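Read off the chains here:
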Amino acid sequence: MVERLQAFLKARGLTSAIIAAAILGLAGVLYVISTALVSSTPGPLDSYARGEMSRFVTLDEAPAQPLGRIVTGEGEAMTLADRRGGLVLVNFWATWCAPCVVEMPELDELQARLGSDDFEVMAISMDRTMDEARAFYEENALEHLALYHDPALRLAMAAGSRGLPTTILYDRHGGEIGRLTGEAAWASDDAIALIEAALERY
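Residues numbered from 1 in each chain as written. Predicted model: local features only at pLDDT ≥ 70, side-chain atom pairs only at ≥ 80, totals over all residues. Heavy atoms only, no water.

> Describe the sheet that holds strand S6 (residues 166-170), with residues and values.
If you walk across this open sheet you meet the seven strands as S2-S1-S5-S4-S3-S6-S7, and the pairing is mixed. In the strand order of this sheet, the two ends are held by strand S2 (77-78) and strand S7 (176-181), each with one partner. In this fold helix H3 (residues 130-139) packs onto strand S1 (70-72), strand S3 (87-93), strand S4 (119-125) and strand S5 (148-149), with an angle of close to 105° to the strand it touches most, S3. (Pairing = 2+ DSSP bridges. Helix = DSSP H or I, 4+ residues; strand = E, 2+ residues; numbered from the N terminus. Contact = heavy atoms within 4.5 Å. Axes fitted to C-alpha atoms, helices over the stretch in contact; angles between N-to-C directions.)

> Would you mind going over the pairing of S4 in detail, with residue names and values included?
The side chains of a regular strand alternate, first on one face of the sheet and then on the other. Of all the seven residues making up S4, seven are buried; the element is thus mostly covered by neighbouring parts of the structure. Side chains Phe119, Val121, Ala123 and Ser125 of S4 all project onto a buried face; the interleaved residues Glu120, Met122 and Ile124 project onto the opposite face, where all are buried too. The pairing of S3 with S4 spans seven bridges and is classified as parallel. Residue pairing in the sheet places Phe92 in a bridge with Ile124 of S4. The β-α-β motif built from S3, the intervening helix H2 (residues 98-114) and the parallel element S4 has right-handed crossover chirality. For S4 and S5, the ladder comprises two bridges, and the chain directions are parallel. (Buried < 20%, exposed > 50% of the residue type's maximum accessible area, 1.4 Å probe, protein only. Right-handed = clockwise from strand over helix to strand, strands pointing away.)

> Describe in detail the pattern of salt bridges, supporting the description with residues and values.
Counted under the stated rule, the structure contains five salt bridges. Ionic pairing is found between Glu200 and Arg201, a salt bridge with its closest N-O pair at 3.8 Å. Judged by its relative accessible area of 66%, Glu200 is exposed. (Salt bridge = Lys/Arg side-chain N within 4 Å of Asp/Glu carboxyl O.)

> Which residues make up H3, and what values do they have?
For H3, the complete set of buried residues consists of Met130, Ala133, Phe136 and Tyr137. Down the axis of H3, the smallest arc covering the buried residues is 125°, so these residues share one side. Residues of H3 that are exposed and point over 90 degrees away from its buried face: Asp131, Glu138 and Glu139. Those residues of H3 that are buried are in contact with S1, S3, H2, S4 and S5. Two residues or fewer past H3, Ala141 is found with a positive phi of approximately 50°. (Arc of directions from axis to C-beta.)

> Tell me about unusual backbone geometry, residues and numbers included.
The amide bond that connects Leu164 to the next residue, Pro165, takes the cis arrangement and shows omega of -5°. Along the chain, the position of Pro165 falls in the loop between helix H4 (155-158) and S6. In the Ramachandran plot, Leu153 falls in the positive-phi region, its phi being about 60° despite a non-glycine side chain. Its location among the elements puts Leu153 in the loop between S5 and H4.

Structural data, given as structure tokens:
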């Protein structure tokens, strides 16, 4: 009887150990997967991605800069490649997107403060027509942002956007420096510091 009890306890201990090991192994796998999904590559602007810019991240494998056709407010066709040579902050937005509407004056102010031959804020409308974006500019007195429209409504998706607004900073060669998803205070001191640091480094 004693021998049977000892064998039973030994078997139970072995089973518990196996279960515990399996649970720990599964936890380890889940941790690795979750880390891979949310990780980003450390970039030279990490120390400036703070405060209002804390959600600015450098992706492990950033999509190539999309080169679909864009239409300017003057009706001219172009691509993002036409702006290479300077840093470009591309913002995908739409008048029906509430967070986009909130941050547009911030982007307008950022363009007013830092816009130059070396830097431009390109707010690309994902509305059905350019007229919708033009009316919004007039109603909200946006005077510093140029009008841009994606007639195919596919550029944001090609850039890897998961929703609007999405804002991506590209270097002088069209390479992605980093991005921020969602509304942000682009006229804040944190944003100004981030862009100025990018101008110095890229």
